[in-house]
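# Notes for the structure review
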Amino acid sequence: FYEQSYWSESRKADLKLLQQKKYDLIISHGIDTLTLAIKLADHKIPVIFNAHEYYPLEFEQDKEWLRTEGSRSLYFINKYLPQCQHMFCVSKLIQDKFQTHVKINSTVFTNAPNYIDLKPQQVDPNKIKIIHHGIALRERDIEHMATLIDHLDERFELNFMMTMPDKTYYEELEVKFKNNKRINFLPTVPLEQLVTFLNRFDIGYYILPPVNFNTKFALPNKLFEFIQARLCLAFGPSPEMKSIIEKYNLGVISDEFTPQSMADKIKTLSIEQINTFKTNAHKNAQELSSTGNQ
């Protein structure tokens, strides 16, 4: 059933079109392309599987999804991943999880951007600028993250820079917080300008509640973008993110996945400490860029 449902008429057409050319290497990005890549390779072309998530548990909080789509993903991994020559994983713990099913050569390849030659900006003690950037999706519960500002004094401002796949939700957020003078919603900038833009802020802020396996062990691009921007980091206690922040002394980790817990940590910071964390990001920016994946 899984095989039949996968090979829709459009996917068969994709395969036929791809078979018109010759390839030296095929890279499959994500579970949806793995079966197609193996079929295209036909045991003659090496395939690398680029795993952005651990797919069988991607939405494990939904029991019906786990029984259907999760089971489907696990089937395809068990059948087709052994036919790949190598695998990339975004974090060590996701790599380890795949290895419990399939013993395959693999490499942790983080979502780090290229190294950018910047210097940390000194903090204005009267205006400490916090920023979060990401996607405005209702399930991200941005309004909950925004309550951080309610637990901080007047020196702090909180900025959000969000892409808008759900424009209605984004507009709801703007309306909800329009009278709060310490919360700003900023227009997005092109990706290639993101790190340089972030450099003008002081603290990169992110809380990711562990609602499933992938959110628990995530190692997202924004962590590395904040580092390239030479910011102090203020993150929730997600294991992979916490490990890097503590190893390189880059900022603070909240005790819980709540804005109140995060504010308790931020309030302990002196201006000198924030500047020190920004300097530490600067010292380690080269290692924690895409260069570290080479």
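Right, let's walk through the structure included here. (Residues numbered from 1 in each chain as written. Predicted model: local features only at pLDDT ≥ 70, side-chain atom pairs only at ≥ 80, totals over all residues. Heavy atoms only, no water.)

### So, the pairing of strand E6 (residues 156-163)
Consecutive side chains along a regular strand alternate between the two faces of the sheet. Burial of E6 is extensive: seven of the eight residues sit out of reach of the surface. Summarising the sheet, strand E5 (residues 128-135) and E6 pair through eight bridges and their orientation is parallel. Paired with Gly134 across the two strands is Met162, which belongs to E6. Note that E6 and strand E7 (residues 183-186) share four bridges and pair parallel. Along E7, the bridge assignment pairs Met161 with Leu186. Regarding the hand of the β-α-β motif, the stretch spanning E6, helix H7 (residues 167-176) and E7 is right-handed. (Buried < 20%, exposed > 50% of the residue type's maximum accessible area, 1.4 Å probe, protein only. Helix = DSSP H or I, 4+ residues; strand = E, 2+ residues; numbered from the N terminus. Pairing = 2+ DSSP bridges. Right-handed = clockwise from strand over helix to strand, strands pointing away.)

### Considering the pattern of salt bridges
One pass over the structure, following the stated rule, counts 14 salt bridges. With a closest N to O distance of 3.6 Å, Lys44 and Asp42 form a salt bridge. For Lys44, a relative accessible area of 69% puts it in the exposed group. With relative accessibility at 39%, the residue Asp42 sits in the partly exposed group. Asp96 is the salt-bridge partner of Lys92, the closest N and O atoms lying 2.7 Å from each other. Here Asp96 and Lys92 lie together in helix H5 (residues 92-99), a separation of four residues that amounts to about one turn. Taking relative accessible area as the criterion, Asp96 reaches 31% and is therefore assigned partly exposed. (Salt bridge = Lys/Arg side-chain N within 4 Å of Asp/Glu carboxyl O.)

### Describing the sheet that holds strand E10 (residues 251-253)
Read from one edge of the open sheet, six strands run E7-E6-E5-E8-E9-E10, paired in parallel fashion. The open sheet has two edge strands with one neighbour each: E7 and E10. Sheet twist, expressed as the average angle between the axes of neighbouring strands with direction ignored, equals 20 degrees. The sheet strands contacting helix H12 (residues 259-266) are E5, E6, strand E8 (203-206), strand E9 (232-235) and E10, and the helix crosses E8 at an angle near 155 degrees. (Axes fitted to C-alpha atoms, helices over the stretch in contact; angles between N-to-C directions. Contact = heavy atoms within 4.5 Å.)

### Observations regarding helix H4 (residues 63-80)
The end-to-end C-alpha distance of H4, which contains 18 residues, comes to 25 Å, matching closely the 26 Å that a straight helix rising 1.5 Å per residue would cover. Where H4 bends most, the angle comes to about 30 degrees, and this point is Gly70. Along H4, the positions that sit buried rather than exposed are Trp65, Gly70, Arg72, Ser73, Phe76, Ile77 and Tyr80. The elements touched by buried residues of H4 are helix H1 (2-6), helix H3 (31-41) and H5. Capping of H4 at its N-terminal end is provided by Asp62; its side-chain oxygen lies 3.1 Å from the backbone amide nitrogen of Glu64. (Expected span 1.5 Å × (residues − 1). Bend = angle between axes of the 7 residues up to and from the residue. Polar contact = N/O pair within 3.5 Å; in protein donor to acceptor, adjacent residues only side chain to side chain.)

### As for unusual backbone geometry
If you check the backbone angles, His43 has positive phi at about 65 degrees while not being a glycine. Inspection of the secondary structure puts His43 in the loop between H3 and strand E2 (47-51). The class of His43 is exposed, set by a relative accessible area of 72%. Positioned with a positive phi, Arg230 is a non-glycine residue whose angle comes to about 65 degrees.

### A look at the packing of H3 against H4
Close contact between H3 and H4 brings their axes to 10 Å; oriented N to C, the two are set at 35 degrees. Here H3 runs over H4; the crossing is left-handed. Contacts between H3 and H4 pair Ile31, Asp32, Leu34, Thr35 and Ile38 from the former with Arg72, Ser73, Phe76, Ile77 and Tyr80 from the latter. Along the lines of polarity and charge, the residues of the contact of H3 with H4 split into six nonpolar, two polar and two charged. (Left-handed = near helix turned anticlockwise from the far one by under 90°. Nonpolar A, V, L, I, M, F, W, Y, C, P; charged D, E, K, R; others polar.)

### Side note on the packing of aromatic side chains
For the structure shown, the criterion picks out 19 aromatic pairs. Both rings, one in Phe76 and one in Tyr80, keep their centres 6.1 Å apart while their planes meet at 25 degrees; by these two values the pair is stacked. Taken together, the residues Phe76 and Tyr80, both in helix H4 and four residues apart, mark about one turn of the helix. For the pair Phe76 and Tyr80, a shared accessibility class is recorded, and that class is buried. Relative to Phe185, the ring of Tyr170 lies with its centre 5.8 Å away and its plane at 80 degrees, an arrangement referred to as edge-to-face. With Tyr170 in helix H7 and Phe185 in strand E7, the pair connects residues that are 15 residues apart, well separated along the chain. According to the relative accessible area criterion, Phe185 is buried, its value standing at 18%. When the ring centre of Tyr6 is taken as reference, the NZ or CZ atom of Arg11 above it lies at 4.0 Å. (Phe/Tyr/Trp six-rings, centres within 6.5 Å; stacked < 30°, edge-to-face > 60°. Lys NZ or Arg CZ within 6 Å of the ring centre and 35° of its normal.)

### Side note on the sheet that holds strand E1 (residues 26-29)
One key point about sheets: their strands pair by backbone hydrogen bonds, in either a parallel or an antiparallel sense. Read from one edge of the open sheet, four strands run E1-E2-E3-E4, paired in parallel fashion. Strands at the two margins of the open sheet, each flanked by one partner only, are E1 and strand E4 (106-108). Adjacent strand axes in the sheet meet at a mean angle of 20 degrees when their direction is disregarded. Bridging between strand E3 (residues 86-89) and E4 involves three bridges; their strand directions are parallel. Considered in E4, the bridge of Cys89 is made with Val108.

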